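Residue strings, one per chain:
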Amino acid sequence: MSRVQTITIGPGDGDQRLDRWLKRLFPQLTHGRIEKMCRKGELRVDGGRVKASTRLEVGQTVRIPPIPTGEAPKPKPGIKVSASDERMMRDSVIWQDDHIIAINKPPGLPTQGGSKQEKHVDGLSVVFQGDLPDKPRLVHRLDKDTSGVLLLARSREAAKGLTAAIQHKQTRKIYWALVAGVPTPYLGEIRFGLVKADGHGRGGEGEKMHCIHPREVENTPGAKRALTQYATLYRVANRAAWVAMEPITGRTHQLRAHMAEIGHPIIGDGKYGGSGQENLGDGWGAQLGGVISKKLHLHARQMEFQHPMTKQIITVTAPLPEHMASSWDTLGWEESYASDDPFEALR
């Protein structure tokens, strides 16, 4: 049996639940035992009674009553990462410091695990753990087939700051896409609301976002407002265009659904643009044919954010993935052709 202890929450341990913090120190404790200590007032934070779900902050003091010294449960086996996957993850790093890692997520790699998804960024991020108590944390997501800038936080404080900045729209994300046809006007906004339609699979697989008129959002259950700014940078006759997009809101599949709704689906997007190559009067199909890849041509090109620890403004840029770089080369475009801020005229 241990003695009564008073522990001060140090850097790296803030913004986590009391029960999870305590179980890291005393793996033998059950959740029921922690709840009982809270109910009896034996477990206190800054002298006050707390719940097991109370979130701790750096500098707070935690009073811990005597804890039975039992045999701790065997730790779960660590995540095994192949040499090729470790190399892939390390090669994807485009910016990092002691608090944040920015990677250029490859297309086809899920951000998180899901139905039949055993390999994903969240699991593979263990390669960056090193001597840290936990692996880096995701603070936002990209669709499986979307490539580009993805941030990982190396500490709870960094994760909290980045998550809050994203939620309060204090970051900027610029995406590049190759779309069917040429959007006009060349610079504009898309304001269609979005509502989720259930998929056909047993687990809801294949779910899709449907666009609705802004006037119908309030009257449509589950609908959310969405706003996308777009800029047409270069075009190939009337067949295809290089488009930059900035999602002002962050809805599921927002960019893909919005571009398809205005008749210019992103190339390779079978879910929202179909597989055709012709404009049948109600929008183009999402394939160009020839040597242009059938993979999704959507890339998170740039992200700008205030560093949660240093307060500096950081801008991270991700080079195009191989299949998009090949399409750009085929169409005679170079990444350097794009301006630093294609939406300057809208500000």
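Preceding this paragraph is the structure being described.
Model, not experiment: these values are computed from the prediction.

*Asks:* Can you tell me about the overall build of the chain, naming the residues and giving the values?
*Replies:* Scanning the chain from terminus to terminus reveals eight helices and 18 strands. Seen through its C-alpha atoms, the chain measures out along the principal axes to roughly 75 × 50 × 45 Å. A buried classification covers 43% of the 347 residues belonging to the chain. Looking at the chain alone, contacts between residues at least 24 apart form 64% of all its contacts between residues at least 6 apart. When the accessible surface of the chain is summed, it comes to about 18300 Å², and 48% of that surface belongs to carbon and sulfur atoms. The positive charge centre, built from 49 side chains, and the negative charge centre, built from 39, are 8 Å apart in the chain.

*Asks:* So what's going on with the environment of Lys135? Residues and values would help.
*Replies:* Counting through the fold element by element, Lys135 comes out in the loop between α4 (121-124) and β9 (137-138). A relative accessible area of 24% means that Lys135 is categorised as partly exposed. Leave out the neighbours within four places in its chain, and Lys135 touches Asp122, Ser125, Val126 and Gln129. A distance of 2.9 Å separates the side chain of Lys135 from the side chain of Asp122, its partner in a polar contact.

*Asks:* Mind laying out the sheet that holds strand β3 (residues 44-45), listing which residues take part and the relevant values?
*Replies:* To summarise the sheet geometry, strands pair through backbone hydrogen bonds and adopt either a parallel or an antiparallel arrangement. Spatially, four strands are ordered β1-β6-β3-β4 in an open sheet, and the strand pairing comes out antiparallel. With one partner strand each, in any of the chains shown, β1 (5-8) and β4 (48-49) form the two edges of the open sheet. Bridging between β3 and β4 involves two bridges; their strand directions are antiparallel. Note that in β4 the partner of Arg44 across the bridge is Arg49. The strands touched by helix α1 (residues 18-25) within the sheet are β1 and β6 (61-64), with β6 carrying the most contacts at an inclination of about 60°.

*Asks:* So, the pattern of salt bridges: which residues are in play, and what are the values?
*Replies:* Between side chains of opposite charge, pairing is possible as soon as their charged atoms come close. Taken as a whole, this structure holds 15 salt bridges when the rule is applied. A salt bridge links Asp85 to Lys119; the shortest N-O distance between them is 3.2 Å. Of this pair, Asp85 sits in helix α3 (residues 83-91) while Lys119 sits in the loop between β8 (100-105) and α4, placing them 34 residues apart in sequence. Among the ionic pairs, Arg172 bridges to Asp341, the shortest N-O distance being 3.2 Å. In this pair, Arg172 sits in strand β11 (residues 172-180) while Asp341 sits in the segment after α8 (322-331), placing the two residues 169 residues apart along the sequence. What makes Asp341 partly exposed here is its relative accessible area of 23%. Residues joined by salt bridges that share partners form a network here, namely Asp134, Arg137 and Arg156.

*Asks:* How would you explain the pairing of strand β15 (residues 228-236) if you had to name every residue and give the values?
*Replies:* Bridging between strand β12 (residues 187-190) and β15 involves four bridges; their strand directions are antiparallel. Counterpart to Leu187 in the pairing with β15 is Ala231. Summarising the sheet, β15 and strand β16 (residues 240-247) pair through eight bridges and their orientation is antiparallel. Paired with Thr232 across the bridge in β16 is Val243. Adjacent in sequence and paired antiparallel, β15 and β16 are bridged by three residues, among which Ala237 carries a positive phi angle near 50°.

*Asks:* Would you mind going over unusual backbone geometry in detail, with residue names and values included?
*Replies:* The omega torsion across Thr184 and Pro185 is 0°, close enough to zero to call that bond cis. Phi angles above zero are rare outside glycine, and Asp46 is one such case at about 50°. Within the secondary structure layout, Asp46 lies in the loop between β3 and β4. Even without being a glycine, His253 presents a positive backbone phi close to 55°. In this structure, His253 sits in the loop between β16 and α6 (254-261).

*Asks:* An account of the side chain of Thr232 is requested, with residue identities and associated values reported.
*Replies:* Positionally, Thr232 belongs in strand β15. The exposure class assigned to Thr232 is buried, which follows from its relative accessible area of 15%. Reaching out from Thr232, the side chain makes a polar contact with the backbone oxygen of Pro183 at a distance of 3.4 Å. If we ignore the near neighbours within four places in the chain, the residues touching Thr232 are Val182, Pro183, Tyr186, Ala241, Trp242 and Val243.

How each quantity is defined
Residues numbered from 1 in each chain as written. Predicted model: local features only at pLDDT ≥ 70, side-chain atom pairs only at ≥ 80, totals over all residues. Heavy atoms only, no water. Helix = DSSP H or I, 4+ residues; strand = E, 2+ residues; numbered from the N terminus. Buried < 20%, exposed > 50% of the residue type's maximum accessible area, 1.4 Å probe, protein only. Contact = heavy atoms within 4.5 Å. Areas by Shrake-Rupley, 256 points an atom, 1.4 Å probe, with all protein chains shown as cover. Lys, Arg positive; Asp, Glu negative; His and termini not counted. Charge placed at Lys NZ, Arg CZ, Asp CG, Glu CD. Polar contact = N/O pair within 3.5 Å; in protein donor to acceptor, adjacent residues only side chain to side chain. Pairing = 2+ DSSP bridges. Axes fitted to C-alpha atoms, helices over the stretch in contact; angles between N-to-C directions. Salt bridge = Lys/Arg side-chain N within 4 Å of Asp/Glu carboxyl O.

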